[in-house]
Amino acid sequence: MSRPTVPFSQFVLKMHSRCDLACDHCYVYEHADTSWRAKPRTVSERVLVRAAERIGEHARTHRLPAVHVVLHGGEPLLAGPALLRRAAEELRRALPPGCELDLRIHTNGVRLDESYCELFAELDVRVGISLDGDRAANDRHRRYADGRSSHGQVLDAVSLLRRPEYRHLYAGLLCTVDVENDPAAVYDALVALDPPRIDFLLPHATWDAPPKCPAGAGRTPYADWLQAVHDRWTAQGRSVPVRLFDSVHRTLRGRSSLTESLGLDPADLVVIETDGTLEQADSLKTAYDGAPGTGFDVFAHSLDQVGLHPAMLERQSGLAGLSAECRNCPVVRSCGGGLYAHRYRTANGFDNPSVFCGDLMKLITTIRDRSAMPIPLPTQPSLSERQLDELAAGHGSAETVQALVEAQLRLTRQLVAALAPQASEAWAVLTELDAAAPQALDAVLRHPYVRAWAVRCLRGEPGADPGGLAELAAAAAVRAGAACSLAVPVRGGAVHLPTLGRVLVDGPADGSATLTTADGGLTVHGVTVPPGAPAGPQWQPLRRVTLQGGGGWEIALEDLDPQRDSHQHPVADRLPEDELLTWTGALREAWELIRRDLPGAAPGLRAGLGTLTPLRPGPEGRDVSAAARQAFGAVGIARPATAPTLALLLTHEFQHVKLGAVLDQYDLYDPADARRYRAPWRPDPRPLEGLLQGTYAHLAVTEYWAARVRAYDGLPGAAAERARRELALWRGHTWDATGTLLASGALTALGERFVAGMRTAVEPWLAVPVGDGAGGGSGDGVGVVAGRPS
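All values reported here derive from a predicted model rather than from experimental measurement.

Examining the overall build of the protein
Assigned secondary structure in the protein consists of 25 helices and 24 strands. What you see for the protein is a C-alpha radius of gyration of 30 Å, in line with the 28 Å of a compact globule of 790 residues. Put simply, the protein has 790 residues, and 58% of those count as buried. Across the protein, the fraction of contacts at a sequence separation of at least 24, relative to all contacts at a separation of at least 6, is 72%. Surface accessibility of the protein: about 30800 Å² in total, with carbon and sulfur atoms responsible for 51%. Side-chain charges in the protein split into 81 positive and 93 negative, and the spacing between the mean points of these groups amounts to 1 Å.

Rendered as structure tokens:
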């Protein structure tokens with residue numbers, strides 16, 4: 001049997017088909033579909049078991065790293081704690097090894113109490129709550145059948161989730177828009193409940209049953225209502241992720257949507273009803289009676305069969321599945337035709353724009369036109385699937401890392417170009433050099449701290465000076481042997497030339513000076529530096545260390561550039577000659593060890609790491625190392641006592657460098673996810689990117705200690721014992737952290753594949769014998785990591 005192109009990874013499991021509220025905007029009971037009447041009230045254990053088996057079968061067939069399941073209704077809490085427990089247990093039992101479960105429940109909250117919270121804490125089930133705002137807004141629709149308000153009980157439920165012991169269960173709030181409600185009051189009421197996320201939904205409607213439009217509300221009342229909320233959200237610093245707005249911003253930048261109601265991402269969701277029937281998204285219940293049906297069920301059909309259903313395939317066909325009007329729309333890649341259900345019209349089915357077309361057009365274009373985008377977007381993704389898989393496994397060939405280098409150069413060029421209006425004289429020199437000597441210019445723009453400086457300027461950070469553009473132009477002119485004359489800044493009594501060095505000048509410590517270049521030399525403030533000049537009283541060149549073997553490696557010891565202070569740890573001053581020699585020896589020893597013991601890491605390191613910035617020693621002499629997100633190709637390290645430790649710090653920090661470059665091109669996770677996650681190596685919970693970065697870096701740490709264990713194989717002694725302890729500690733930490741990431745529900749499909757690759761890389765190290773006494777290491781096997789905390 002053929003398989004669907006896009007496997008399902010999201011599942012809605014109906015626990016109960018009835019509800020204890022009578023919300024008059026509910027698509028299940030109040031719209032066109034009436035199939036709920038024939039459904040069993042409560043899911044049976046037989047259905048639960050078979051549904052779990054089908055999900056496990058699908059995950060196994062498609063090697064899914066994670067599945068996302070929402071326990072739903074009706075009102076799922078009506079099913080009771082025993083069935084909810086059984087659902088969680090059966091799902092976990094059925095999933096194959098290596099596939100994580102992101103399990104959630106969505107409820108109206110009126111029955112949520114402490115006993116349910118304890119159950120969900122035990123079962124690791126996150127809880128989303130439906131709430132339409134303040135009492136006036138919520139009571140407009142979300143009432144009991146006898147007219148009583150549910151608002152107070154919902155607030156009690158949210159208060160429970162906000163307790164410290166249950167806060168990690170709190171998934172967010174879902175609000176259905178009603179344009180007769182005050183948008184500011186609704187938003188403020190939701191934000192006051194400190195949700196990790198807010199989700200605004202347009203009310204379900206079709207061309208046959210259009211959304212309400214109050215008199216005097218204008219032609220686009222939903223856009224106007226949402227724009228008022230967006231303006232308030234922006235004015236308050238966007239303190240909480242709002243999935244609809246975040247999706248608009250992301251899709252306008254060519255990235256993936258976070259919701260099925262926007263963007264062109266293929267649908268990957270299936271609904272399992274209480275009788276075991278397999279259906280499309282619940283929102284289709286608003287179209288016509290029986291619209292979500294597929295004719296399949298968990299007992300007779302696999303999920304692959306459901307994936308081949310014509311309606312499912314249509315919802316996975318992207319641009320080709322839209323109406324002609326949508327395909328020709330200028331905002332189609334952001335709008336995506338709107339929610340599929342909202343396109344329905346009896347005459348021609350779903351071959352229409354959304355019934356909210358005008359609202360979506362106005363909302364998207366208004367956000368686009370009002371949004372300042374001062375920092376240019378990253379270039380288009382430059383890696384093949386094979387290269388991404390290489391990086392996920394922790395290494396990356398020289399070719400793969402070189403692709404990251406070139407992508408970073410393109411991005412730096414965009415950033416520098418954005419500063420052109422602030423320094424037109426220097427920009428004119430740069431454009432001439434780009435035409436006449438592009439390699440010379442690229443050599444300067446590849447310097448890691450060029451990007452760090454440009455980003456600071458574009459963000460308007462204190463002390464950021466566009467005069468750096470003249471420094472770049474002067475350095476490129478020297479490299480090209482070109483003639484030019486430029487006003488360059490004097491900083492701390494010196495004129496700085498990125499990638500070359502600095503000239504110490506007399507006069508005021510800060511100001512400007514005229515610099516001229518010709519034939520590879522330069523003159524500034526009466527100081528002449530001829531081509532290739534050695535260090536002198538007023539010329540301090542940037543020094544490089546050349547390392548032999550493995551194709552060689554040249555690395556700059558950057559102790560001059562004023563932008564190098566990017567690592568959230570104090571940088572060292574200019575190294576004296578004896579310290580330079582010590583660094584040179586340590587680097588040569590470390591490189592020999594890396595080539596011998598970590599051969600998979602060496603080619604990428606040589607291709608991508610060109611700068612090492614010496615840092616000041618840590619407190620009490622502890623090792624300090626750091627990468628900087630905006631400084632690709634550089635790491636900061638305080639010289640450790642031994643070369644093996646230096647090898648560890650180099651490979652560990654370069655993991656951060658590579659992953660940062662990947663994240664510049666690809667969405668691996670939802671940046672709107674504001675939760676904190678446990679990192680096994682830290683006492684404080686980490687944001688998702690922090691956990692991802694730390695886990696990726698610890699692939700190198702684990703590999704290092706595995707290599708140490710192999711080197712000491714069969715030998716006694718404290719060093720061998722320490723290596724076994726550290727390997728036991730870091731492989732366990734890294735394995736556990738990959739599981740946490742996969743279960744977060746915040747990774748994109750590509751992110752899940754990437755983290756699954758990381759997890760696979762750890763597996764061989766789990767089999768390395770470490771002895772019975774190696775239950776945990778010292779925890780100092782990587783030292784202090786500043787700048788990008790691991």
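Thoughts on the pairing of strand β11 (residues 494–497)
On a regular strand, each side chain points to the face opposite its neighbour's, so the side chains alternate between the two faces of the sheet. Burial of the side chains of β11 extends over both faces: Ala-494 and His-496 are buried on one face and Val-495 and Leu-497 on the other. Judged from the four bridges that link them, β11 and strand β12 (residues 501–504) form a sheet pairing that is antiparallel. If you follow Leu-497 over to β12, its bridge partner there is Gly-501. Linking two consecutive strands that pair antiparallel, namely β11 and β12, is a turn of three residues; a positive phi of about 75° is found at Thr-499 within it.

A few points about the environment of Arg-410
Take Arg-410: it is sitting in helix α15 (residues 398–417). Linking Arg-410 and Leu-445, residues 35 residues apart in sequence, is a C-alpha distance of 9.3 Å.

Structural notes on the packing of aromatic side chains
One pass over the full model with this rule turns up twelve aromatic pairs. An angle of 55° between the planes, with centres 4.8 Å apart, marks the rings of Trp-553 and Trp-591 as tilted. Placement of Trp-553 in strand β18 (residues 553–557) and of Trp-591 in helix α20 (residues 577–597) is noted, with a sequence separation of 38 residues between them. A residue is classified by how much of its surface remains accessible, and Trp-553, at 3% relative accessible area, is buried. An aromatic cluster is defined as three or more aromatic residues linked by ring pairs; in this entry it consists of Phe-200, Trp-225, Trp-233 and Phe-245. In this arrangement the basic side chain of Arg-148 is found over the ring face of Tyr-144, its NZ or CZ atom lying 4.1 Å from the centre.

A look at the confidence of the model for the protein
For the protein, the average pLDDT comes to 90, and 95% of its residues sit at 70 or higher. In the model, residues 372–379 has pLDDT below 50 throughout and makes 24 contacts with residues more than four positions away in sequence or in other chains.

Side note on the sheet that holds β12
On the basis of which strands lie adjacent, the open sheet formed by three strands has the order β11-β12-β16 and antiparallel pairing. In this open sheet, the two edge strands, each paired with only one partner strand, are β11 and β16 (539–541). Between one strand axis and the next, the sheet turns through 15° on average, direction left out of account.

A few points about the sheet that holds strand β15 (residues 527–529)
Ordered in space as β10-β13-β14-β15, the four strands form an open sheet in which the pairing is antiparallel. The open sheet terminates on both sides in strands that have one partner only, identified here as β10 (484–490) and β15. Across the sheet, the axes of successive neighbouring strands diverge by a mean angle of 25°, strand direction being ignored. Taken together, the seven bridges between β10 and strand β13 (residues 511–518) define a ladder with antiparallel strand orientation. When the sheet's bridge partners are listed, Ala-487 is paired in β13 with Thr-514. With respect to the sheet, helix α19 (residues 468–480) is in contact with β10, β13 and β14 (521–524), its orientation differing from that of β10 by roughly 135°.

A look at the state of the cysteines
Where two cysteines share a covalent bond between their sulfur atoms, that bond is called a disulfide. Across all of its chains, the model carries zero disulfides by this definition. The cysteine Cys-19 is free of any disulfide, with Cys-23 supplying the nearest cysteine sulfur at 5.9 Å. Not engaged in a disulfide, the cysteine Cys-26 finds its nearest cysteine sulfur in Cys-23; these two sulfurs lie 6.5 Å apart.

Overview of the side chain of Asn-352
Tracing the sequence through the fold places Asn-352 in the loop between α12 (332–335) and α13 (357–370). A polar contact is formed between the side chain of Asn-352 and the side chain of Asn-348, at a distance of 2.7 Å.

What about the side chain of Asp-199?
Among the structural elements, Asp-199 can be located in strand β6 (residues 198–201). The buried category is assigned to Asp-199, whose relative accessible area is 9%. In terms of polar contacts, Asp-199 uses its side chain to reach the side chain of Arg-243, at 2.5 Å. Setting aside its immediate chain neighbours within four residues, Asp-199 contacts Leu-173, Leu-174, Cys-175, Arg-243 and Leu-244.

Things to note about helix α24 (residues 718–743)
For an α-helix, 3.6 residues make a turn, and residues three or four places apart therefore share a direction. Compared with the 38 Å implied by 1.5 Å per residue over 26 residues, the 38 Å span of α24 between its first and last C-alpha is a close match. Looking one or two residues past α24, Gly-745 carries a phi angle of roughly 75°, positive in sign.

Notes on helix α5 (residues 151–161)
Turning to α5, its buried residues are His-151, Val-154, Ala-157, Val-158, Leu-160 and Leu-161. Lining the buried residues of α5 we find α3 (114–123), β4 (125–130), α4 (135–139) and β5 (170–176).

A closer look at the packing of helix α16 (residues 424–436) against α19
Remark: α16 packs on α19, axes separated minimally by 9 Å, with the N-to-C direction vectors making an angle of 35°. With respect to the hand of their crossing, α16 and α19 are arranged in left-handed fashion. Across the interface between the two elements, Ala-426, Trp-427, Val-429, Leu-430 and Leu-433 of α16 pack against Leu-469, Ala-470, Leu-472, Ala-473, Ala-476, Ala-477 and Ala-480 of α19. Classifying every residue of the contact of α16 with α19 gives twelve nonpolar, no polar and no charged.

Some remarks on the environment of Glu-471
Checked against the element boundaries, Glu-471 lands in helix α19. On the accessibility criterion, Glu-471 (7% relative accessible area) is buried. Between the C-alpha atom of Glu-471 and that of Ala-426, which follows or precedes it by 45 residues, the distance is 8.4 Å. Every residue in contact with Glu-471, bar those within four places of it in the chain, is listed here: Pro-489, Arg-491, His-496, Leu-497 and Pro-498.

Definitions and cut-offs
Residues numbered from 1 in each chain as written. Predicted model: local features only at pLDDT ≥ 70, side-chain atom pairs only at ≥ 80, totals over all residues. Heavy atoms only, no water. Helix = DSSP H or I, 4+ residues; strand = E, 2+ residues; numbered from the N terminus. Rg over C-alpha atoms; globule rule 2.2 N^0.38 Å. Buried < 20%, exposed > 50% of the residue type's maximum accessible area, 1.4 Å probe, protein only. Contact = heavy atoms within 4.5 Å. Areas by Shrake-Rupley, 256 points an atom, 1.4 Å probe, with all protein chains shown as cover. Lys, Arg positive; Asp, Glu negative; His and termini not counted. Charge placed at Lys NZ, Arg CZ, Asp CG, Glu CD. Pairing = 2+ DSSP bridges. Phe/Tyr/Trp six-rings, centres within 6.5 Å; stacked < 30°, edge-to-face > 60°. Lys NZ or Arg CZ within 6 Å of the ring centre and 35° of its normal. pLDDT = per-residue confidence, 0-100. Axes fitted to C-alpha atoms, helices over the stretch in contact; angles between N-to-C directions. Disulfide = S-S within 2.5 Å. Polar contact = N/O pair within 3.5 Å; in protein donor to acceptor, adjacent residues only side chain to side chain. Expected span 1.5 Å × (residues − 1). Left-handed = near helix turned anticlockwise from the far one by under 90°. Nonpolar A, V, L, I, M, F, W, Y, C, P; charged D, E, K, R; others polar.

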